[in-house]
Amino acid sequence: MAIESEVLVIGGGLGGLTSALAAAHEGADVRLVSYKQSTLRQASGLVDVLGYTPDGDGPLTNPYEAIPSLPESHPYRKVGVKTVRDALSLFDDAVPTYEGEHTETNALLPTHGGSIKPTARYPAGASAGLASDTRDTLLVGIEEMVDFDAPHVAAHLDATGVPFDVRGETIRFPGDLRADAKVTRYAKLLDTNSEVAVRGRMVPAREALAQRVNPLLEDEERVGFPAILGDDNPGAIRDAVGDHLGVDVFEVPMGPPSLPGLRLEDALFSALDEAGASIETGNPVVDFEGEDRIEKVFIEKNGAKIPNSADQYVLATGGFVGKGVESDRDGVYEPIFDCHVPHAEDRYDWFEGELFGDHEFARYGVATDDDLRPLDASEHSEFENLRAAGSVLGGYDFAAEKSGSGVSIATGYAAGQRAAQEAR
Amino acid sequence: MSDAETPPETEFDPVAPNTGEEFEPVDVFPDSDDFDLRPGADSCYKCSTCDTNCPVAEVDDDFPGPKFQGPEQWRLKQSDDDHDIDDSVMDCSNCMRCDNACPSGVPLSQMHNTARGEYVSEQMDKLSVEYIRNRILANYRTSAFFASKVPRLANFAMNFGPARWVMEKTLGVTSERDFPEFARQTFREWWADRGGQVQSRENARAARKRRGLAEDADKKVAYFHGCYSNYNTPEVGKAMVRVYEEFGYEVVAPEQKCSGTPMFANGMLEDARRHAETNVSSMSELVDEGYHAIASCTSCSMALRQEYPELFDIDGIDKVAENTFEAVEYLRIHEDLKGEVQAADVDGELAEEFAYHAPCHSRNQGLDRQAVELFRDLDGAEIEDVGDSCSGISGTYGWKEEKYEKSMEIGEEMFEHMEHAEGETGMTECPTCAMQMEHGSGYEIRHPLELLEAALVE
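Residues numbered from 1 in each chain as written. Chains lettered and ligands numbered in written order. Predicted model: local features only at pLDDT ≥ 70, side-chain atom pairs only at ≥ 80, totals over all residues. Heavy atoms only, no water.

Asker: Got a sec to walk through the sheet that holds strand S12 (residues 248-252) of chain A? Specific residues and values, please.
Answerer: All names here are of chain A. With parallel pairing, the four strands of this open sheet are ordered in space as S8-S7-S11-S12. Here the strands that pair on one side only, and so sit at the sheet edges, are strand S8 (166-171) and S12. In this sheet, neighbouring strand axes are inclined to one another by 25° on average, regardless of whether the strands run parallel or antiparallel. The sheet contact formed by strand S7 (residues 137-142) and strand S11 (residues 222-226) spans three bridges and is parallel. By the bridge assignment for S11, leucine 139 is matched with glycine 224. Strands S7 and S8 of the sheet are contacted by helix H5 (residues 150-159), whose axis makes an angle of about 170° with S8. (Pairing = 2+ DSSP bridges. Helix = DSSP H or I, 4+ residues; strand = E, 2+ residues; numbered from the N terminus. Axes fitted to C-alpha atoms, helices over the stretch in contact; angles between N-to-C directions. Contact = heavy atoms within 4.5 Å.)

Here it is as structure tokens:
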């Protein structure tokens, strides 16, 4: 016997979650297995579709218009523009706290490095911070949080030519938290609005935070904080702090561990739960059985191999960072099914001498047919019931193009939907 | 060198460095017999995701978090053997959530367990009240063993106000909590009275016949009941036996001691090892005979599966780890449990709406969703997940006077979710989570096996 389902999705990132969600919406009995917690908690929480072309042109105003001229190997070309749009609407339904669906134009969001990122969807918490908005802006950094140096970020933003005045100030977070306090510690304090001591008086945390910022505020109409404003109730915290200050409050997405990423993870897992899918995290898929068809895969739990079988499988294990693609001195490979990963024979061709050069390895991943089935070296599909989605796919450079989330959502959607249709 | 001289010819070509086969960088470091966790520490790329999962760090500003306790501390140790273990390691509750969080596979909880063991054995004053208190709490089995001889007296004495006041003042055991009640008859007494293995074999055969299976089918499991279902909640153990027999499994209840979980959490690794030796020896013999080890407590299965092979080197330890399963999980793998539950219904005492909490130790085994997904198709009962926060008690942690408040603060989110849940009966696999759920909400708490028994056993 084995744990059975119709569609088994391997991987708990954006690609895997979208796949499982799309398959569940098609009515399939879906099971998602992920080695570790979702890597979404490492993500900024911004959802980009395409910010730059592979040649570096951009920022693009309309990402959808640029898709048909992408190289044929690009995953967007496999699924087509319509699927990208449909996939984004699935995302919009699943995560109602996101904005950006009112337009096909990329939004421009300030990052914690002070650059401007073209993105298609963004959390409501970031929306008052749009760079196209002309309101003057105060950025507030927290003394102990060295990842967000507000005056520095403000200077960078200013240098990009944003159409507003921007200034940075640094405060001590109320409550005298330890110097290396976890982002969840700040979030929890604001979520519970616990009282903290301010000049010998006990004040609720949200109010205390506003009090620290108030004397620094000049005539700016909006105030941006690093993304630490709550885990469970971010909207209420923004409103409360904004009311005390009399301005709009927004969050600037931060690097890992990222609260916007965590919130997005929670939203997508709840959507998946509501769609009736089964979910398991904590143990890796290490092996499989089958020749032309995958019969079952094995999840390893401290030596025990737990069989899981399904009619259709989706491989959404991530790229090099997520360990869905690995490399050693002999080559580049996909570790679970040993799907072929096209790559240069000579390791010295994998990368360029320049740090930000056009590295080939950034595009390494499995190649697929138009149905997203991974192809072997002779361009035949590896398994008839396996599809791949997300950054395990090759042929695109998400870091340079700013297309990571969009590719994961679009290919996840297509793979999940087709797997479900075939399984039914 | 003047311009006139040409450099001497060398074999060295900086563009193609020596990638010779014979050089193995790992050989540069000498082999070590003691716990050398440096390779794990080097896999940490400081993303801090573990820290965002740590329920203690979320409420306790003085706790530096799993990243510091694990990889950072091991790096400090690596450069300086005399480097003391930071005493904050005693504030780690051993929930092990950091393990599941780490995208890089750093063995965080193993590092914490090892560091705690070293702290307790080398830096802690063995005459201190804290040490004595921790040792008593960690060796719950010993106290439970004596208490179970006189359950009524023990139940009275352990919750006798003045005595509890004295315990708090002298030992630092919080008087806020009610001690768990001791059963009038332990699971093992019930098991023996019922006829032990012989009776179980008969029941299993009868069930196999009823189900149209071969009567001599090789279906047998060894039950690791743990201390709690033996001394406090034998109904869980009974449910396990009856459910398994219903599916045609013959059950044995081998000699066993504490799984060691409370000892790991208190750094009492020597105590834990003694208990582990007994458990591994009796379980590995049975594994050789074709049995699988089954636990109904997720901390017990976690200990046998993960902590034992990480911390100890005992004959047969890996074999036991590979063959240990959680009770419901095993049935999901080997039987059509989903189908049977979908076809069943419950009425009577367990026709309830349950507020389910997944214990931290079920998470690392990938079991946190199991009960919810299984029972959502069961007629007559409803089950609702009360969220992914830690219950906060973490075994002995919440029993310590100085940790009680923090423990309740961690649990606050779960209490709130329980309050908002439809049902007023709780459900969880972990006995101490059950204690905390009951303490914070006043709800009665059941084990999934009890609901399975109500649904599937005549």
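Moving on from the model shown.
Asker: So what's going on with the packing of helix H1 (residues 14-25) of chain A against helix H11 (residues 404-423) of chain A? Residues and values would help.
Answerer: All names here are of chain A. Between H1 and H11, the shortest axis-to-axis distance is 7 Å and the interhelical angle comes to 35°. In the packing of H1 onto H11, the handedness of the crossing is right-handed. The residues of H11 that touch H1, namely those facing Leu14, Gly15, Thr18, Ser19, Ala22 and Ala23, are Ser405, Ser408, Ile409, Gly412, Tyr413, Ala415, Gly416, Gln417 and Ala420. When grouped by side-chain class, the residues that make up the contact of H1 with H11 number seven nonpolar, eight polar and no charged. (Left-handed = near helix turned anticlockwise from the far one by under 90°. Nonpolar A, V, L, I, M, F, W, Y, C, P; charged D, E, K, R; others polar.)

Asker: Lay out the interface of chain A and chain B in plain terms, naming residues and giving numbers.
Answerer: Counting from both sides, the interface comprises 44 residues of chain A and, opposite them, 50 residues of chain B. Between aspartate 51 of chain B and lysine 182 of chain A there is a salt bridge; the shortest N-O distance is 3.5 Å. Put simply, chain A and chain B have 22 residue pairs in polar contact (both at pLDDT 80 or more) between them. Residue assignment for the side of chain A that touches chain B shows that the elements contributing at least two residues are helix H6 (183-192), helix H9 (259-274), strand S13 (278-281) and strand S16 (304-315) of chain A. Of the residues contributing to the side of chain A that touches chain B, the split by class is 17 nonpolar, 10 polar and 17 charged. (Salt bridge = Lys/Arg side-chain N within 4 Å of Asp/Glu carboxyl O. Polar contact = N/O pair within 3.5 Å; in protein donor to acceptor, adjacent residues only side chain to side chain.)

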